[in-house]
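Chain and residue survey
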Amino acid sequence: MRVLVSGGAGYIGSHTVLALVAAGHDVVVVDDFSNSKPTVIGRLESLSGAHVPVHSFDLTDADKTERLFAHEQIDAVIHFAGFKAVGESVTRPLAYYRNNLESTFSLVDAMNRHGVTRFVFSSSATVYGEKAPVPYREDYENLSSSSPYGQTKVMVERVLSDVAHISEGWKVALLRYFNPVGAHPSGRIGEDPQGVPNNLMPFIAQVAVGRRERLTVFGDDYPTADGTCERDYLHVEDLAAGHVAALEHLDDMAEPARAFNLGTGTGTSVLELLRAFERAVGRELPYEVGPRRAGDLPAFWADPTRANTELGWHATRTIDDMCADTWRWQSANPHGFPDA
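The chain is annotated in an unreviewed UniProt entry as UDP-glucose 4-epimerase of Isoptericola hypogeus. As stated in UniProt under Catalytic activity (unreviewed entry), the record for the chain gives "UDP-alpha-D-glucose = UDP-alpha-D-galactose". Listed under Cofactor (unreviewed entry) in UniProt, the entry text for the chain is "NAD(+)".

Shown next as C-alpha cells:
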C-alpha cells in the first residue's frame with residue numbers, strides 16, 4: 001500500500017515510517033514541523049534506504065489537503081498529526097480543539113472525495129478517563145478525559161466511528177496506547193521534545209545527559225508497591241509495529257471501526273523506570289520527591305488481549321530495552337535533532 005503518514009516526522013510517526021517501509025509499503029509524509037524538525041527526514045531515508053516524499057503544510061488547510069490527495073496516489077492514512085501537550089491544552093483549549101478536530105475533518109473530506117477508505121488513528125489511553133476499571137479494556141463505553149487534549153481524542157474517535165458506519169467500504173482502527181518510550185536501535189532517531197519534557201522518560205534522559213539538574217518524582221505516597229505512580233510503558237518500536245499490524249488488518253475487520261489497546265499489560269513505577277535508566281547509564285541519577293501532581297492517577301495499564309489475538313501483535317521489548325535504546329539516542333544526540 002501507499003500510506004500517507006500525517007505527523008510522520010514526529011516521534012511515533014517517524015518510527016512508524018521506518019516500520020512501514022520495512023514491511024514493504026510506500027510512504028508519503030505530511031507534517032508542518034511545528035513539533036518536529038525537517039532533519040529527521042534525511043535520517044529516515046538513510047535508515048530505510050528509501051525516498052520519503054514530504055509535504056510541509058498544516059492539515060487544517062483544507063485546500064492544501066485536497067491538492068495533496070489530488071496529486072498523490074494514497075491507499076490508506078495513518079493519522080498522528082495533532083497538538084499533544086496535556087498541560088498546554090488546559091491553557092489553550094480552543095487551539096487544541098481547532099487544530100486536532102479540523103485536521104481530521106480535512107483529511108476525512110479529502111479521503112471521501114478520492115475514494116480512500118482505510119484509516120488508522122493514533123488515539124490514546126487518556127480516552128478512558130478517571131473512572132474506567134484497571135486494566136483498561138476496549139469495551140468500556142463511558143469515554144471521557146480531564147484535559148482538552150484528551151477530549152479531542154474522544155471526539156475524533158467518535159467522528160471516525162460515525163463516518164465509518166455510514167460510509168461504504170470504510171475501515172478504521174482506533175489505537176489506544178499508553179506511554180511510548182525508547183528509540184530506534186540505531187540511535188539515529190528518538191524522542192526530541194520541544195522545551196521542558198512533559199513526560200517522564202525524556203526528562204530522565206535529559207537529566208542523564210546533563211540538560212536538567214534533577215528529576216522530580218511527583219508523590220511517593222500512592223497505593224502502589226513503592227508509592228510512586230505506575231504506568232504501562234511501551235517501546236516505540238513495538239508501537240510502530242502495532243500501527244503496521246492494524247493497517248494490514250483493516251480489510252479483515254468485521255466492523256467498520258474497532259478500537260485496540262497497544263500496551264504491555266503491566267505497570268512500571270516511576271522509581272522502577274528510574275532504576276532501569278540508571279542501569280542503562282551505569283550510574284545513579286539525581287532526583288527529589290515533590291508533592292503529588294493534580295490529576296495523576298495511582299496506576300493504570302492496558303489489557304492488550306484484543307490486539308494480541310486479532311492483530312497478532314505483541315509487545316516484545318522490556319523496560320531495560322526501552323531505557324538502553326533511549327540512552328543510546330540521547331547520548332548520541334544530547335540536544336536532539338539538529339536544526340535544518
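There is more to say after this.
**Some details on the UniProt feature "domain: NAD-dependent epimerase/dehydratase" (unreviewed entry) in the chain**
Those places that UniProt annotates as "domain: NAD-dependent epimerase/dehydratase" (unreviewed entry) correspond, in this numbering, to residues 3–263. End-to-end, the C-alpha atoms of residues 3–263 are 24 Å apart, and along that stretch the chain is 39% helix and 17% strand.

**Thoughts on the pairing of strand β5 (residues 118–122)**
Of all 5 residues that make up β5, 4 are buried, and the element is covered over most of its length. With 5 bridges joining them, β5 and strand β6 (residues 171–177) adopt parallel strand pairing. Counted as the bridge partner of Phe121 is Leu174 from β6.

**What to know about the environment of Ser14**
Tracing the sequence through the fold places Ser14 in helix α1 (residues 11–22). Ser14 sits in the buried class, given a relative accessible area of 1%. Separated by 244 residues in the primary sequence, Ser14 and Arg258 place their C-alpha atoms 24 Å from one another.

**Digging into helix α5 (residues 93–114)**
Over its 22 residues, α5 runs 32 Å from end to end, which matches the ideal 32 Å to within 8%, given 1.5 Å per residue. When we look at burial in α5, the residues that qualify are Ala95, Tyr96, Asn99, Asn100, Leu101, Ser103, Thr104, Ser106, Leu107, Val108, Ala110 and Met111.

**Notes on the pattern of salt bridges**
Evaluated as defined, the whole model comprises 18 salt bridges. With a closest N to O distance of 2.7 Å, Glu66 and Arg113 form a salt bridge. In this pair, Glu66 sits in helix α3 (residues 62–71) while Arg113 sits in helix α5, placing the two residues 47 residues apart along the sequence.

**Some details on unusual backbone geometry**
In this chain, Val134 is followed by Pro135 through a cis amide linkage whose omega measures 5 degrees. Position of Pro135 relative to the elements: it lies in the loop between β5 and α6 (148–166). Even without a glycine there, the phi angle at Phe33 is positive, about 60 degrees. Within the fold, Phe33 resides in the loop between β2 (26–30) and α2 (39–48). By relative accessible area, Phe33 is classed as buried at 18%.

**Quick look at the packing of aromatic side chains**
Summed over the entire model, instances satisfying the criterion amount to 9 aromatic pairs. The rings of Tyr128, Tyr136, Tyr140, Phe178 and Phe300 are connected pair by pair, giving a single aromatic cluster. Arg292 extends its terminal NZ or CZ atom over the ring of Tyr222, reaching a point 4.0 Å from the ring centre.

So, how was this worked out
- Residues numbered from 1 in each chain as written.
- Predicted model: local features only at pLDDT ≥ 70, side-chain atom pairs only at ≥ 80, totals over all residues.
- Heavy atoms only, no water.
- UniProt positions renumbered as here; feature names shortened; annotations may be inferred.
- Helix = DSSP H or I, 4+ residues; strand = E, 2+ residues; numbered from the N terminus.
- Buried < 20%, exposed > 50% of the residue type's maximum accessible area, 1.4 Å probe, protein only.
- Pairing = 2+ DSSP bridges.
- Expected span 1.5 Å × (residues − 1).
- Salt bridge = Lys/Arg side-chain N within 4 Å of Asp/Glu carboxyl O.
- Phe/Tyr/Trp six-rings, centres within 6.5 Å; stacked < 30°, edge-to-face > 60°.
- Lys NZ or Arg CZ within 6 Å of the ring centre and 35° of its normal.

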